[in-house]
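Coordinate inspection notes
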Amino acid sequence: MKIELNGSWLKVIAMLSMLTDHLAYYYGCDNPYVYDLLRTVGRIAFPTFAFLLAEGFLHTRNRLQYLTSLFVFALLSEVPWMLLNHDGTHNVMFTLLAGILGLHVIENSKSRLVTAVCISLLGLSTILADTDYSWRGFALVLIFYMFHGRPVLQTLFGIPVMYEYGFMGILLAFSIIWLYNGERGFIQGKAWKYAFYAFYPAHLMMIYYLR
């Protein structure tokens, strides 16, 4: 029997993976083997979110609204992120935001030189701002977009970019992404969409208050 996953199930898996990763990271675990296992499961999250972002960009009817929503939730997420992290870094939504801007540049720029300069500056901005997943996360969004519908190429280019974060976890992420059947699934409508965005700052705030 062939197993397939729609976009909604990918979102659920990514959110549960992210929650697992952050609970392990912020609360720790006495058993190093259990800790490593939890962090490995947690590595499913970002590649899946990056994949869904590229898919969403390709299928959304209102890209300006898509960009604006991501920007607003990136700002909202800074408060719990800064409460939990005192290292000058910034939350992953800014990395995804840079990715969306990069996709806009690729799609709308008519000059290869302008495209190359803008993409380089956006990638550099994630490094200078020290956003979560930094330039690697930014690059992965572009890879998913440029090789849309070609999972073999997405995997071949994506794994080396994300290898630093743990091979097994990243391999798990791409294995799950390969199960995507191109359907949107049960998460539809504005309420569900914003609930999906809100989960990120909400779960960070929950972790902060329960520590």
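See above for the structure.
Residues numbered from 1 in each chain as written. Predicted model: local features only at pLDDT ≥ 70, side-chain atom pairs only at ≥ 80, totals over all residues. Heavy atoms only, no water.

1. A short note on unusual backbone geometry
- In the Ramachandran plot, Y133 falls in the positive-phi region, its phi being about 75° despite a non-glycine side chain.
- Within the fold, Y133 resides in the loop between helix 6 (112-128) and helix 7 (134-146).
- With a relative accessible area of 9%, Y133 lands in the buried category.
- A positive phi is found at S134, a non-glycine position, where the angle reads about 45°.
- Mapped onto the elements of the fold, S134 is located in helix 7.
- Accessibility expressed as a relative area gives 15% for S134, which makes it buried. (Helix = DSSP H or I, 4+ residues; strand = E, 2+ residues; numbered from the N terminus. Buried < 20%, exposed > 50% of the residue type's maximum accessible area, 1.4 Å probe, protein only.)

2. Considering the packing of helix 3 (residues 45-59) against helix 4 (residues 63-84)
- At a minimum axis distance of 9 Å, the contact between helix 3 and helix 4 shows a crossing angle of 150°. Viewed along their axes, helix 3 and helix 4 adopt a mutual orientation that is roughly antiparallel. In this structure, helix 3 meets helix 4 at a crossing whose hand is right-handed. Counting all contacts with helix 3, which are made through L52, L53, G56, F57 and L58, the residues of helix 4 involved are R63, Y66 and L70.
- For the contact of helix 3 with helix 4, the per-class residue count stands at six nonpolar, one polar and one charged. (Axes fitted to C-alpha atoms, helices over the stretch in contact; angles between N-to-C directions. Parallel < 35°, antiparallel > 145°, perpendicular 65-115°, else oblique. Left-handed = near helix turned anticlockwise from the far one by under 90°. Contact = heavy atoms within 4.5 Å. Nonpolar A, V, L, I, M, F, W, Y, C, P; charged D, E, K, R; others polar.)

3. Examining the environment of D130
- Along the chain, D130 turns up in the loop between helix 6 and helix 7.
- As a C-alpha pair, D130 and G88 span 42 residues in sequence and 7.5 Å in three-dimensional space.
- Leave out the neighbours within four places in its chain, and D130 touches G88, T89 and H90.

4. Examining the side chain of K11
- Locating K11 in the fold gives a position in helix 1 (residues 7-27).
- Salt bridges are absent for the buried K11, whose nearest opposite-charge side chain, E55, sits at 11 Å.
- Dropping the residues within four chain positions of it, K11 is found in contact with L52, I187 and F196. (Lys, Arg positive; Asp, Glu negative; His and termini not counted. Salt bridge = Lys/Arg side-chain N within 4 Å of Asp/Glu carboxyl O.)

5. Side note on helix 9 (residues 167-177)
- Of all the positions in helix 9, only G169, I170, A173, F174, I176 and I177 are classed as buried. The buried residues of helix 9 occupy one face: seen down the axis, they fall within an arc of 160°.
- Buried residues along helix 9 sit against helix 1, helix 2 (32-42), helix 3, helix 7 and helix 8 (151-162). (Arc of directions from axis to C-beta.)

6. Some remarks on the environment of I177
- Inspection of the secondary structure puts I177 in helix 9.
- Measuring from C-alpha to C-alpha, the distance between I177 and L52 comes to 9.2 Å, with 125 residues separating the pair along the chain.
- Once residues lying within four places of it in the same chain are set aside, the contact partners of I177 are P47, T48, F51 and F144.

7. Comments concerning the pattern of salt bridges
- Counted by the stated rule, this structure contains three salt bridges.
- As a salt-bridge pair, R39 and D21 come within 2.5 Å of each other at their nearest N and O atoms. Highlighted residues: R39 in helix 2 and D21 in helix 1, separated in sequence by 18 residues. Here R39 and D21 have matching classes, each one buried.

8. Notes on the side chain of R43
- Position of R43 relative to the elements: it lies in the loop between helix 2 and helix 3.
- Of the side chains bearing the opposite charge, D21 lies closest to the buried R43, which forms no salt bridge; the N-O distance is 4.1 Å.
- Ignoring sequence-local partners within four residues, the contact set of R43 consists of S17, D21, Y133, Y165, G169, I170 and A173.

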